[in-house]
Amino acid sequence: MIIYNENEKVFNLHTKNTTYQMYVEQYGYLLHGYYGRRVADVKMEQLQNYYDRGFSGNPNQAGKDRLFSLDTAAQEYTSCGIGDYRVSSCGVINRDGSTAADLRYVGYKIYEGKYAIPGLPAAYDNNDECETLEVTLEDPYTGLRVVLYYAVFEAQDIITRNVRFENAGVDTLTLNRAMSVCLDMQPGDWDVMHFHGRHCMERQPERLRQPHGITRISSKRGTSSHQHNPFVILASPEATETNGDCYGAMLVYSGDFAAEIEMDQFNQTRLVMGINSETFSWQLESGASFETPEVLLGFTHEGFSALSGMYHRFIRNNICRGKYKNTRRPVLVNNWEGTYFDFNQEKLIAIAEEASSLGIELFVLDDGWFGKRDDDYSGLGDWYVNEKKVQLEKLAERVNELGMKFGLWIEPEMVNEDSNLYKAHPDWALKIPGRAPGRSRYQLLLDFSRKEVVDYVYNQISSVLSSCNIEYVKWDFNRSLADTYSLALPKARQGEVRHRFVLGMYDFAERLTRDFPNILLEGCSGGGGRFDAGMLYYSPQIWCSDDTDAMERILIQYGTSFGYPASSVGSHVSAVPNHQTGRISSMELRGAVAMSGMLGYELDLTKLKRAEKAQVRKQIQTYKKTADLVMNGEYYRLSDPIKNPDYCAWSFVSEDKKKCLVNFVYLHVRANAPLINVRFRGLKPDAYYKVRGTEQVLNGAALMYGGYTFPITMEGDGYPIQIYLEEK
Ligand code: GLA
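Residues numbered from 1 in each chain as written. Predicted model: local features only at pLDDT ≥ 70, side-chain atom pairs only at ≥ 80, totals over all residues. Heavy atoms only, no water.

Draft legend 1. The arrangement of the overall build of the chain in detail. Within the chain, the regular secondary structure consists of 12 helices and 38 strands. Whereas a compact globule of 728 residues would reach a radius of gyration of roughly 27 Å, the chain reaches 27 Å, a difference of no more than 12%. In terms of principal-axis extent, the alpha carbons of the chain reach across some 85 × 70 × 45 Å. The buried share of the chain, reckoned over its 728 residues, is 64%. For the chain, the proportion of contacts with a sequence separation of at least 24, taken over those separated by at least 6, is 69%. Counting every atom, the chain has about 26900 Å² of accessible surface; 48% of that belongs to carbon and sulfur. Taking the 79 positively charged and 94 negatively charged side chains of the chain as two groups, their mean positions are separated by 3 Å. (Helix = DSSP H or I, 4+ residues; strand = E, 2+ residues; numbered from the N terminus. Rg over C-alpha atoms; globule rule 2.2 N^0.38 Å. Buried < 20%, exposed > 50% of the residue type's maximum accessible area, 1.4 Å probe, protein only. Contact = heavy atoms within 4.5 Å. Areas by Shrake-Rupley, 256 points an atom, 1.4 Å probe, with all protein chains shown as cover. Lys, Arg positive; Asp, Glu negative; His and termini not counted. Charge placed at Lys NZ, Arg CZ, Asp CG, Glu CD.)

Draft legend 2. Quick look at unusual backbone geometry. That bond from Val576 to Pro577 is cis: its omega, -10 degrees, falls within 30 degrees of zero. On the secondary structure map, Pro577 appears in the loop between strand 29 (569-574) and helix 10 (587-594). Phi at Ser225 is positive, roughly 90 degrees, even though this residue is not glycine. By the secondary structure assignment, Ser225 is in the loop between strand 13 (213-219) and strand 14 (231-235). Among the residues examined, Ser225 registers a relative accessible area of 3% and is labelled buried.

Draft legend 3. Examining the side chain of Ser56 more closely. Residue position: Ser56 is located in the loop between strand 4 (30-37) and strand 5 (90-93). At a separation of 2.8 Å, a polar atom in the side chain of Ser56 contacts the side chain of Asp71. Setting aside residues no more than four positions away along its own chain, Ser56 makes contact with Ser69, Asp71, Thr72 and Gln265. (Polar contact = N/O pair within 3.5 Å; in protein donor to acceptor, adjacent residues only side chain to side chain.)

Draft legend 4. Local environment of the environment of Trp409. Tracing the backbone through its elements, the reader meets Trp409 in strand 23 (residues 405-410). Trp409 sits in the buried class, given a relative accessible area of 1%. Setting aside residues up to four positions removed in sequence, Trp409 forms contacts with Leu365, Asp366, Asp367, Trp369, Phe370, Arg373, Leu380, Trp383, Lys474, Asp476 and Asn478.

Draft legend 5. How the structure looks around helix 10. Most of helix 10 is tucked away, with seven of its eight residues classed as buried. For helix 10, the set of buried residues is Met587, Leu589, Arg590, Gly591, Ala592, Val593 and Ala594. Elements that come into contact with the buried residues of helix 10 comprise helix 9 (550-560), strand 29, strand 30 (598-602), helix 11 (610-632), strand 33 (659-666) and strand 38 (719-727).

Draft legend 6. Broad picture of the sheet that holds strand 32 (residues 647-653). Pairing within the open sheet is antiparallel, and its six strands lie in the order 31-32-33-38-35-36. At either margin of the open sheet sits one strand with a lone partner, and together these are strand 31 (634-637) and strand 36 (697-699). For this sheet, the mean inter-axis angle between neighbouring strands, taken without regard to orientation, is 25 degrees. Inspection of the sheet shows strand 35 (residues 688-691) paired to strand 38 by three bridges, in the antiparallel sense. In the strand pairing of strand 38, Tyr689 is matched with Glu727. (Pairing = 2+ DSSP bridges. Axes fitted to C-alpha atoms, helices over the stretch in contact; angles between N-to-C directions.)

Draft legend 7. Layout of helix 4 (residues 392-401). Turning to helix 4, its buried residues are Leu392, Leu395, Ala396 and Val399. Down the axis of helix 4, the sector holding all buried residues measures 95 degrees, keeping them to one side. Pointing more than 90 degrees away from the buried face of helix 4 are the exposed residues Lys394 and Glu401. Along its buried surface, helix 4 packs onto helix 3 (345-358), strand 22 (362-365), strand 23 and helix 6 (451-467). (Arc of directions from axis to C-beta.)

Draft legend 8. Region of the structure containing the sheet that holds strand 1 (residues 2-5). Read across the open sheet, the four strands follow the order 1-2-3-4; overall the sheet is antiparallel. This sheet does not close on itself; its edge strands, each paired only once, are strand 1 and strand 4. Strand-to-strand twist in this sheet, taken as the mean axis angle between neighbours without regard to direction, amounts to 15 degrees.

Draft legend 9. Quick look at the packing of aromatic side chains. Applying the stated criterion across every chain yields a total of 49 aromatic pairs. Considering the side-chain rings of Tyr4 and Tyr108, the 4.3 Å spacing of their centres and the 45 degrees angle between planes classify their relative orientation as tilted. You can see Tyr4 sitting in strand 1 and its partner Tyr108 sitting in strand 6 (residues 104-112), a full 104 residues away along the chain. Pairing Tyr247 with Phe299 gives two aromatic rings, centres 4.6 Å apart and planes at 45 degrees, and the pair type is tilted. With Tyr247 in strand 15 (residues 246-252) and Phe299 in strand 20 (residues 294-300), the pair connects residues that are 52 residues apart, well separated along the chain. Of the two residues, Tyr247 and Phe299, neither departs from the other in class, the shared state being buried. Here a set of aromatic residues connected by ring pairs shows up, and it is made of Phe195, Phe231, Phe304, Tyr311, Phe531, Tyr558, Phe562 and Tyr564. The ring of Trp543 carries the charged tip of Arg553 above its face, separated from the ring centre by 4.6 Å. Lying over the aromatic face of Phe562, Arg637 brings its terminal NZ or CZ to 3.6 Å of the ring centre. (Phe/Tyr/Trp six-rings, centres within 6.5 Å; stacked < 30°, edge-to-face > 60°. Lys NZ or Arg CZ within 6 Å of the ring centre and 35° of its normal.)

Shape is all these values report; function is a separate question.
See below:
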């Protein structure tokens, strides 16, 4: 519900449990009033006190009144260059070379439904469940207009924000900072939780006490990256999984981003988030406009699990689209770790036959099926089948005959110099004239900021996808951007290349999902290097990590779960010794961990022993029973494996609380160990639950308030225990 009070010029945005407030003050600046637990429809003026502070100046119209300062007031979206010395929302270079924009309130609009952002992924409204507020600010000196968009998803407790810059003046100006959100926090101390990592160990949570000064979480790799994720949480220092104030900010964007959190001289905290201004600038001609990506804001006073639940539901229902949004994904086998580049038709068919007999539903042919691609030195860019290695049509037919779907791997934005595409169009690769571009995995990037390049690659790939019955695509991206320069853009616009590259990639994704609505798209970037809400708009699941070691995956999936639902996590059982760590873990553990996401197998199934095959068969049967719970249930982190690395416990509970799957793994067994008690969550206190496979019946309240003490096992590290509860 959006309520505007004309007398006091106050906007109140209410969701079921939260209120977000802004108001216009006497000089026309838009101030931030409040964001937190739901309050009445009142102006939260008691939060502000204005004092004459040294070195915090005042607007010109204030005359001798020295109380109001942009440097101290809580603002909704800041001006720049006019006396707020904290991190700012935007940055400009005007025609005269000055770098100021003085943004004053002009007007507003309120309407039913959700605003759209042309060319960018964004949350959508299912059945009139949201309302939009547009607030326009303008710099009277240049005519730069800034339209702030807010969509209020009342039932979900999510508010989305995005900003449109419009040049309503006559002179071209340059935007060199265009953040999607500015949030001046409530008074208090705030911890910053963010998710860092590396290739093969993505999204590890780290909680920091915000110091005075700026904490900056960012990527300038051209992707959201393995190293940082465009999701941050600001939490009260006492917040836990089950209690305490938590604010989330998630950027719906897959390119360079930054989240900057600053605690100022008066202990006030500001968060800004959006495209990384270090690698961005945009020329805004008279009459032109620029849209920022969207941010999803969420607040709860009930701790991290509740915040995660809000994002999980929102991503599942208001970000992910298409046929597979809420339906169970087929159990797949991918040949990558099974064969790498070394395969032929017979080998693939042998794996497919084995897969079908085990109950697997989808066969995915990974890298190596196209061009001259027998290793990673050549072939990218040549999207036609290497008939010597594989006869795609026949393979797809055989796979279909076996009762399975067929899927394919692609990496559209890349090119090897050793490829026909590069020979024909060397100027299509991103490189700076006169400089030799760096390689990564021996590949270069195609200039996806150019439409003709996107068109060409799309035509090539879509003709392969139309050539036979392909029902799944894994879309990979295996290097970071560097040497960015586009021959198609003038000098003054080179700062736009990286964002334009992302827009080109989204254009490709939009065409793919529109033209092939039956294809299940799985995102990937060397595992989880582009795991973000932007990609989830196109692909409902993403290959979570190239690390398939179950013990490591527990930590990766733990960190990922703070922002992203299990339905978005591609997770596979692979061979032992594991190819990334050399660790040997049991089939039970590999199965339990992979089943906590969208289950797949990634190994040469023909090499499995008979007993292992029986285990796979059983896993798939179990998975089919629990998949709905994993996909659409509530997820609970029942332990913190970073604080206590001895074990990890997590659970899924159905919406009606009648079913629950608890997973427990001893990560590090100890001799004569202390007992481990875990309190279950999300059950009905009054209900009695039967433990599947036993005669045991346990009470919900007893399990939640007393907990469950797990047996001490002497099975070595990585022993999994799964408890499946069903209400009697
Ligand atoms: C990336 C992916 C892998 C695999 C290879 C193929 O590393 O993450 O799963 O597809 O590329 O080259």
